[in-house]
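Topology and contacts: notes
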Amino acid sequence: MFNWLLASPDATERVPEDKIDSTYKKKQIGVLVATSFSYIAYYIIRLVFTTEQGAIMKEYGFSIAQIGLILSTFGIGYGISKLFMGALADKANTKYFLALGLYLSAIFNAGLAFTHNFYVIMGLMLLMASVQSMGAPACQREISLWFSKKNRGTAYAIWSSAHNAGAFLCVMTVELGAYLFNGSLSAIFLTASVVSAVIATIMLLINSERPETEGLPDVGTWSNDVELTDSGENAIADKTDLSIIQVFVKYILMNKIVWAVALTSMAIYLIRYGVMSWIPSYLPTKGFSPNFAKWLVGIFEIAAVPGVIITGMLSDKLKGQRALVCLFCLAGLSIALLIYFMRSNKTLITVDLFFMGSLIYAPATLIGLMINEAVPNFAVGVSTGFIGFFQYVLGEVGATALIGSLIDKFGWGANAVVIFIALGLVLILTIYLVMHERRILKEEERLNQMG
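Here's a quick rundown of the structure. (Residues numbered from 1 in each chain as written. Predicted model: local features only at pLDDT ≥ 70, side-chain atom pairs only at ≥ 80, totals over all residues. Heavy atoms only, no water.)

Here's the deal with the environment of Glu 214
Our working definition: Secondary structure elements follow DSSP: runs of H or I of four or more residues count as helices, runs of E of two or more count as strands, with numbering from the N terminus. For the exposure calls, accessible area comes from a 1.4 Å probe over protein chains only, and a residue counts as buried if that area is under 20% of its type's maximum, exposed if over 50%, partly exposed in between. Residues are treated as being in contact if the distance between any of their heavy atoms lies within 4.5 Å.
Positionally, Glu 214 belongs in the loop between α10 (185-206) and α11 (219-223). Here Glu 214 falls in the partly exposed class, since its relative accessible area comes to 26%. Separated by 60 residues in the primary sequence, Glu 214 and Gly 274 have C-alpha atoms spaced 44 Å apart. Setting aside chain neighbours within four positions, we find Glu 214 in contact with Ala 11, Val 15, Lys 27, Trp 146, Ser 208 and Glu 209.

Points about the pattern of salt bridges
Short version of the rule: We define a salt bridge as a contact between a side-chain nitrogen of Lys or Arg and a carboxyl oxygen of Asp or Glu at a distance within 4 Å.
Scanning the entire structure with this criterion turns up twelve salt bridges. For Lys 27, the salt bridge goes to Glu 214, with nearest N and O atoms at 3.3 Å. On the criterion of sequence distance, the pair formed by Lys 27 in helix α1 (residues 20-46) and Glu 214 in the loop between α10 and α11 is long-range, its members being 187 residues apart. For the salt bridge of Glu 212 with Arg 210, the shortest nitrogen-to-oxygen distance reads 3.5 Å. You'll find Glu 212 and Arg 210 in the same group, each marked buried.

Here's the deal with the nonpolar core
Formally: What makes a nonpolar core is a set of buried Ala, Val, Leu, Ile, Met, Phe, Trp, Tyr and Cys residues whose side-chain atoms join them at distances within 4.5 Å.
Membership of the largest hydrophobic core comes to 139 residues, with the highest contact counts inside it found for Val 275, Leu 283, Tyr 340, Leu 353 and Met 356. Once you skip the residues sitting within four places of it in the chain, Tyr 340 turns out to touch Val 275, Ile 279, Tyr 282, Leu 283, Lys 286, Ile 349, Asp 352, Leu 353 and Met 356.

A short note on the packing of aromatic side chains
Test applied: Pairs were defined over the aromatic rings of Phe, Tyr and Trp, the Trp ring being its six-membered one, requiring ring centres within 6.5 Å. Orientation was assigned from the angle between planes: stacked under 30 degrees, edge-to-face over 60, tilted for the rest. A ring is considered to have a charge above it if a Lys NZ or an Arg CZ atom is located within 6 Å of its centre and within 35 degrees of its normal.
On inspection of all chains with the given rule, the structure shows 28 aromatic pairs. When the centroid spacing of 6.0 Å and the interplanar angle of 45 degrees are considered together, the rings of Tyr 269 and Tyr 273 count as tilted. One end of the pair is Tyr 269 and the other is Tyr 273, both in helix α13 (residues 256-276) and four residues apart, which spans about a single turn. What makes Tyr 269 buried here is its relative accessible area of 8%. When the ring of Tyr 282 is compared with that of Tyr 340, the centres are 5.2 Å apart and the planes differ by 50 degrees; the resulting orientation is tilted. Note that Tyr 282 is positioned in helix α14 (residues 279-282) and Tyr 340 in helix α17 (residues 322-342), a separation of 58 residues in sequence. Of the two residues, Tyr 282 and Tyr 340, both sit in the buried class. Site record: aromatic cluster; members linked through ring pairs are Trp 278, Tyr 282, Tyr 340, Phe 341, Trp 412 and Phe 420. Above the plane of the ring of Tyr 43 lies Arg 46, whose end atom (NZ or CZ) is 4.2 Å from the centre. Here Arg 272 stacks its cationic end above the ring of Tyr 269, 4.9 Å away from the centre of that ring.

Focus on the side chain of Arg 272
Assignment of secondary structure puts Arg 272 in helix α13. Setting aside its immediate chain neighbours within four residues, Arg 272 contacts His 163, Phe 300, Ile 360 and Tyr 361.

Some thoughts on the packing of α1 against helix α9 (residues 162-180)
So the rule is basically this: Lines are fitted to the C-alpha atoms to define the axes, a helix being fitted only along its stretch in contact, and any angle between axes, read from their N-to-C directions, falls within 0 to 180 degrees. Each angle is binned into one of four classes, with values under 35 degrees roughly parallel, values over 145 roughly antiparallel, values of 65 to 115 roughly perpendicular, and all other values oblique. Left-handed describes a crossing whose near helix is turned anticlockwise from the far helix through less than a right angle; right-handed describes the clockwise counterpart. All residues other than Ala, Val, Leu, Ile, Met, Phe, Trp, Tyr, Cys, Pro, Asp, Glu, Lys and Arg, Gly among them, are scored as polar; the first ten of these are nonpolar and the last four charged.
Across the interface, α1 lies against α9 with an axial gap of 8 Å and an inter-helix angle of 50 degrees. As the angle between them shows, α1 and α9 are arranged oblique. Where α1 crosses over α9, the two elements pack in a sense that is right-handed. Residues Ser 36, Tyr 39, Ile 40, Tyr 43 and Ile 44 of α1 touch α9, and the partners they reach there are Ala 162, His 163, Ala 165, Gly 166, Ala 167, Leu 169, Cys 170 and Thr 173. Among the residues making up the contact of α1 with α9, the classes are represented as nine nonpolar, four polar and no charged.

Topic: the side chain of Asn 372
Keep this limit in mind: Any pair of nitrogen or oxygen atoms within 3.5 Å is treated as a polar contact; in protein, a donor-acceptor pairing is required on top of that, and neighbouring residues in sequence qualify only through side-chain atoms on both sides.
Mapped onto the secondary structure, Asn 372 falls in helix α18 (residues 346-373). Look at Asn 372 and you get buried, because its relative accessible area is 1%. A distance of 2.8 Å separates a polar atom in the side chain of Asn 372 from a polar atom in the side chain of Gln 140. When residues no more than four places from it in sequence are discounted, the contact partners of Asn 372 are Gln 140, Ser 144, Tyr 156, Val 380, Ser 383 and Thr 384.

A short note on a nonpolar patch on the surface
The condition that has to hold: Residues enter patches when their relative accessible area tops 30% and they take part in no salt bridge; the joining distance is 9 Å for like charges and 5 Å for the nonpolar side chains Val, Leu, Ile, Met, Phe, Trp and Tyr. Note on areas: Shrake-Rupley with a 1.4 Å probe; residue coverage comes only from the protein chains shown.
A cluster of nonpolar side chains, contributed by Ile 29, Val 33, Phe 37, Leu 205 and Ile 206, occupies part of the molecular surface with about 470 Å² of accessible area. Broken down by secondary-structure element, the contributors of at least two residues to the nonpolar patch are α1 and α10. Sorting elements by how many residues they give to the nonpolar patch places α1 first, with three residues. Its location among the elements puts Phe 37 in helix α1.

Digging into the state of the cysteines
Quick reminder of the rule: Only a pair of cysteine sulfur atoms within 2.5 Å qualifies as a disulfide here.
In total, this model carries zero disulfides according to the counting rule given. Take Cys 139: it sits in no disulfide, and the sulfur closest to it among the cysteines is that of Cys 170, at 17 Å. Of the cysteine sulfurs around Cys 326, a residue in no disulfide, the closest is that of Cys 329, at 6.4 Å. For Cys 326, a relative accessible area of 1% translates into the label buried.

Next up, the structure:
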């Protein structure tokens, strides 16, 4: 019944030699467009409830505590489910897997239009979190399969910036629904579901699963590049006879680089949400109006898009030195955080937040790519799920629940202390990753020169 969701066999008919390059480049564009716009649609669905929480509290009679419980349920469910969905993505037809997650997200989100019951809404959000976690592993696996190390940083950064664009387009979709249907909350949820389902269908038509299923050689053969994992294995391999459990144990649990990258990502997410989540509450203590403080959250998000893409391209220009680029960003982030917490000048803080978005999101993006490049392609999905658990269940929850409790008890200074402790951890781990990265890149260069 679900055979269509399993990975497809290699094509029996090969693309003619003289058409391989043009076909490959065309398919790469299709994959990048499909993964980016599909992920934008995932974010349109994901953020509707967050965007409309004020109206929901007013119309449904929910308290802030109930809204917080629903949102935290989504975050924890997403982080845990991502681990399992990542493992499934490695064995699945990613083209259909990606679309299925989006269709199911649209269905569960549409369900929110027909109930005001707190427990039903919490259940629907938990179900939505589970299927939302299908998106990132499928996208990251496709990018790893279709783009070589020499240009993967750029492709990955373009895809990663889709969540920032998704946040912006979610607001546009909400405003469209409100305009067309006189502010009806039910109509807003349904509008977001319809828009996302339409995007899912269009992107399904232009997406591609693996190069081999299209009659093309794998990306390593086509680009004539050797890529190695931490253990020295061929990173291009996208099939294995190992079970999901065996892959998880051998390539995730027993891989010290995966653990280092996961802990680094957790700390980066703690910094990200430790700043972003509290901007509307923290900046009024420095004289900002509450309304302008909310706008600064948008500035923090949207300003990251060009910075993330530029740093992704830079990591390609530096022949895959992702950790080194992260280290440069972290040096700038250290200064930006000092300004943010130590200064009160409104203009300075506004400009500071504009740059801080890139300085946080760029390493967060490159670290996500680094964990994919630390394992063979047949383990990219499970590596994405593993890091997602650290990012959301530990990093995001720590930045909201932990920091919120400390602020209540010790004041806003506690927020700065936690963030700078996390920054110290990130710096130590990133220096370690820079050293490891250089060793792997030197070995790859030696093998590539040997031909």
